[in-house]
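Chains, contacts and geometry: an overview
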Amino acid sequence: MHTRTWFALAVTLISAPVRAQQKVIEISGAKFRPMPVAFPAPQTGDPGATAALPEFEAAMAFDIAASGIFKLLDRRSYLAPATEGMDAADIAFSAWRDVGAEGLIKIALTTSDGMLRGTLALFSVGSGFEQLKIRAEAPMRTPRKLAHALAEGLYASLINEKGPFETKITFTRPSKSGRNIWVSDWDGSDAKQLTSSGLNVLPAIKANEGVAYTAYKGRGAWVYLTGFGGGQGRPLVREGSLATGVAFRRDGSRLAVAVTTEESAEIWVGNADGTKLRPTTATSYFLNTSPSWAADGQTLAFVSNRAGTPQIYMMNADGSEVRRLTFQGKYNQTPSLSPRGDLIAFTGRDERGVFDIFTVNVNTLAITRLTQNSGSNEEPTFSPTGRLIMFTSTRSGQKQLYVMTPDGENQLPLPMKPGGEDTPDWGG
């Protein structure tokens, strides 16, 4: 099994996580296994904190379970008394060892001056020592924000890398008149509808500014941009008869989009404000769509049917050095390039006509199937650091959003009421 090295560390979080200078858990490599952790009910004797507890606890438990670095143990197996305290001297570590826990996450909640405050302590069950302590606070009305802040601090401290817990996602939901654009926290909570009518599809988060999307208007469809508060979208790309599938470079400086003319659909690249756009592919009578930027901002993944069927390709952002990556399957689409630079997640249709999520290694071209025998699974999008993949699935009936690790493990539905969500995009 993978070896973990624990060390003592104190982190105080007030408005944002503080990152440790050294990794505690190394999560790369084939030998990694999630750490089994116990998370007993948070402690509080404060009436205000007690009222906030259910919402806080639900968010915290999902963050831990979906993180990819922990295996959250079932509370029904816990043997330690519920009254046990937050100090190492008060903890029955043998009882936690007996249920298979290697780590123990304890949280205490209090309130003061309209703020909900949390203290998280992580204990090494094997050594019986407190290894990490984190403090954070959030307004009383937003207990989920406090949970996300504590989860972010815990994650960042253990692997010395920013987590996904304070990021946003965008997606579409069906409406009476078509589809609308929504934005929410990473787990689907605090969802806000950004458009109010018409057919609006393929949203993409533009860092610190809002959400771009394709809106069908009259005989055409072009890209518009609206703020995170919604409202009237302003035109961003109005080229050709259709402009679809906009994607932004991670630094927010450039965009790529598929522009359709009478003869073909080509990938155009330009400034993020929609200026200085120019085509970077030139394949008359073929379709080039669904661009996705590499983290370095120098290369793009995209879909093209230039070889007869839709397949995944990569090229430099100026259109040079085009190479085909997928040769298995006759219908591969919706690529999402990992910010880590090693994988592209995509939707593939198998020989039975079923859609599932696959990855292709950009160097070896090795294909890995991540979903199977669980409904239709489509539209993958990597988290901002590439540690998780979000996608849509019909395995429970109505299409909804799921999250998993890039090896296909730990597939979990987002804790939101299914609403036919589609085409998610994960922003920082």
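Residues numbered from 1 in each chain as written. Predicted model: local features only at pLDDT ≥ 70, side-chain atom pairs only at ≥ 80, totals over all residues. Heavy atoms only, no water.

1. Things to note about the sheet that holds strand E28 (residues 400-404)
- Here four strands make up an open sheet; going across it, the order is E26-E27-E28-E29 and the pairing antiparallel. Every other strand in the sheet has two partners, leaving strand E26 (377-382) and strand E29 (412-413) as the edge strands with one partner each.
- When strand E27 (residues 389-393) meets E28, the two strands line up antiparallel, connected through five bridges. Residue Thr392 lies in a different strand from E28, and its bridge partner there is Leu401. (Pairing = 2+ DSSP bridges. Helix = DSSP H or I, 4+ residues; strand = E, 2+ residues; numbered from the N terminus.)

2. Structural notes on the packing of aromatic side chains
- A full pass over the atoms with the stated rule returns 11 aromatic pairs.
- With 5.0 Å between their ring centres and 75° between their planes, Tyr78 and Trp96 make a pair best called edge-to-face. With Tyr78 in the loop between strand E3 (70-72) and helix H2 (93-98) and Trp96 in helix H2, this residue pair connects regions lying 18 residues apart in the sequence.
- Its relative accessible area of 15% is what places Tyr78 among the buried residues.
- Exposure remark for Trp96: the relative accessible area of 2% places this residue in the buried category.
- Feature note: the residues Phe62, Tyr155, Phe165, Trp186 and Trp426 constitute an aromatic cluster, connected by ring pairs.
- Directly above the ring of Tyr224 sits Lys217, whose terminal nitrogen or CZ lies 5.0 Å from the centroid.
- For Arg349, the ring lying beneath its charged end belongs to Tyr331, and the centroid distance is 4.3 Å. (Phe/Tyr/Trp six-rings, centres within 6.5 Å; stacked < 30°, edge-to-face > 60°. Buried < 20%, exposed > 50% of the residue type's maximum accessible area, 1.4 Å probe, protein only. Lys NZ or Arg CZ within 6 Å of the ring centre and 35° of its normal.)

3. Points about helix H3 (residues 143-159)
- In this model, H3 (17 residues) spans 25 Å end to end at C-alpha, consistent with the 24 Å of a helix rising 1.5 Å per residue.
- The element H3 is largely enclosed, with a buried count of 16 among its 17 residues.
- Looking at the residues trailing H3, positive phi occurs at Asn160, about 55°. (Expected span 1.5 Å × (residues − 1).)

4. Focus: the pattern of salt bridges
- Tallied over the entire structure, the rule returns 22 salt bridges.
- Across the pair Glu137 and Arg117 runs a salt bridge, and its minimum N-O distance is 2.8 Å. Taken as a pair, Glu137 in strand E6 (residues 129-139) and Arg117 in strand E5 (residues 115-124) lie far apart in primary sequence, 20 residues in all.
- Since its relative accessible area comes to 22%, Glu137 is described here as partly exposed.
- Residue Arg117 is classed as partly exposed on the basis of its relative accessible area, which comes to 28%.
- When salt bridges with common partners are traced through the structure, they connect Lys145, Lys168, Asp185, Asp190 and Lys192 into a single cluster. (Salt bridge = Lys/Arg side-chain N within 4 Å of Asp/Glu carboxyl O.)

5. Brief notes about the packing of helix H1 (residues 47-66) against H3
- Running from N to C, H1 and H3 cross one another at 35°; their axes reach a closest spacing of 8 Å. Here H1 and H3 pass one another in a crossing that is right-handed. Residues Ala52, Glu55, Phe56, Ala59, Met60 and Asp63 of H1 lie in contact with H3, whose contacting residues are Pro143, Arg144, Leu146, Ala147, His148, Leu150 and Ala151. (Axes fitted to C-alpha atoms, helices over the stretch in contact; angles between N-to-C directions. Left-handed = near helix turned anticlockwise from the far one by under 90°. Contact = heavy atoms within 4.5 Å.)

6. Examining the confidence of the model for the chain
- With 93% of its residues at a pLDDT of at least 70, the chain reaches an overall mean of 92.
- This model gives residues 1-22 a pLDDT under 50, and the stretch forms 62 contacts once residues within four places in sequence are excluded. (pLDDT = per-residue confidence, 0-100.)

7. A few points about the pairing of strand E30 (residues 422-427)
- Buried residues dominate E30, accounting for six of its six residues.
- For strand E7 (residues 168-175) and E30, the ladder comprises four bridges, and the chain directions are antiparallel. The partner of Thr170 across the bridge, within E30, is Asp425.

8. Topic: the nonpolar core
- Grouped together as the largest cluster of nonpolar side chains are 47 residues, with contacts concentrated most on Met60, Ile105, Ile107, Leu150, Leu154 and Leu158.
- Looking at this core, the elements with two or more residues in it are strand E2 (35-38), H1, strand E4 (103-112), E5, E6, H3, E7 and E28.
- Setting aside its immediate chain neighbours within four residues, Leu150 contacts Phe56, Met60, Ile107, Gly118, Leu120, Ile134, Arg135 and Ala136.
- Of all hydrophobic cores here, the second largest spans 24 residues; its members include Ala204, Trp222, Val246 and Leu255. (Core = buried A, V, L, I, M, F, W, Y, C linked by side-chain atoms within 4.5 Å.)

9. Examining the side chain of Asp187
- With respect to the helices, strands and loops of the structure, Asp187 is situated in the loop between strand E8 (178-185) and strand E9 (192-193).
- In terms of polar contacts, Asp187 uses its side chain to reach the side chain of His148, at 3.4 Å.
- Contacts of Asp187, omitting those with residues within four sequence positions, involve Phe62, Arg144, His148, Leu414, Pro415 and Met416. (Polar contact = N/O pair within 3.5 Å; in protein donor to acceptor, adjacent residues only side chain to side chain.)

10. Remarks on the side chain of Thr214
- Here Thr214 is to be found in strand E11 (residues 210-217).
- In this structure Thr214 comes out as buried when scored by relative accessible area, which is 0%.
- In terms of polar contacts, Thr214 uses its side chain to reach the backbone carbonyl oxygen of Ala243, at 3.1 Å.
- Discounting chain neighbours no more than four positions away, the residues touching Thr214 are Leu199, Asn200, Val201, Leu202, Ala221, Trp222, Val223, Ala243, Thr244 and Gly245.

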